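Here's the letter readout for the chains.
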Amino acid sequence: MAIPPSFIQELLSRVDIVEVVGRYVPLRKGGVNLMGLCPFHGEKTPSFSVSPGKQFFHCFGCGKHGDAIGFLMEHTGVSFIEAVKDLAQQVGLAVPEEDVPPQERARAAAQRRHQATLTEVLRKAEDAFKAQL
């Protein structure tokens, strides 16, 4: 299933990231942004910032950042498609699906497998490098 990029942009413009993050993290006003304890790592003082104007979050402690879709994916562990469907349902949008020919789907799947292989090779190289240090 492929979701058109234009739909993703429309969805993100309609979703309020403060509302999405606020369901999981207690937020307090801190200047222009809202601040809270980061849900991705343990901390005692708030370093997790949500910007309502820019519609993104950022943690100054662990460095995680992103938009409403990325927050749901990272915090709840859902896939990109599931996060998009969840947010679309909340704002009353129907998720369109692009008709992708089977050859294109097969090519995309092969590319994802290739990328996963490259990522695994880089992970092994990193481990070997760390072991040498």
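### Notes on the packing of aromatic side chains
In step 1: Counting across every chain of the model gives seven aromatic pairs.
In step 2: When the centroid spacing of 5.9 Å and the interplanar angle of 50° are considered together, the rings of Tyr 24 and Phe 71 count as tilted. In this pair, Tyr 24 sits in the loop between α2 (17-22) and β1 (28-30) while Phe 71 sits in helix α3 (residues 68-76), placing the two residues 47 residues apart along the sequence.
In step 3: Summarising the aromatic geometry, the rings of Phe 40 and Phe 71 are spaced 5.8 Å apart at their centres and angled 65° between planes, so their arrangement reads as edge-to-face. Linking Phe 40 in the loop between β2 (33-36) and β3 (48-51) with Phe 71 in helix α3, this pair joins segments that are 31 residues apart in sequence.
In step 4: By relative accessible area, Phe 71 is classed as buried at 0%.

### Re helix α1 (residues 5-14)
In step 1: When we look at burial in α1, the residues that qualify are Phe 7, Ile 8, Leu 11 and Leu 12. Along the axis of α1, the buried residues cluster in a sector spanning 130°; they form a single face. Away from its buried face by more than 90 degrees, α1 exposes Ser 6, Gln 9 and Ser 13.
In step 2: For α1, the elements touching its buried residues are α3 and α4 (80-91).

The rules behind the values
- Residues numbered from 1 in each chain as written.
- Predicted model: local features only at pLDDT ≥ 70, side-chain atom pairs only at ≥ 80, totals over all residues.
- Heavy atoms only, no water.
- Phe/Tyr/Trp six-rings, centres within 6.5 Å; stacked < 30°, edge-to-face > 60°.
- Helix = DSSP H or I, 4+ residues; strand = E, 2+ residues; numbered from the N terminus.
- Buried < 20%, exposed > 50% of the residue type's maximum accessible area, 1.4 Å probe, protein only.
- Arc of directions from axis to C-beta.
- Contact = heavy atoms within 4.5 Å.

Limitation: the analysis is restricted to geometry and does not speak to function.
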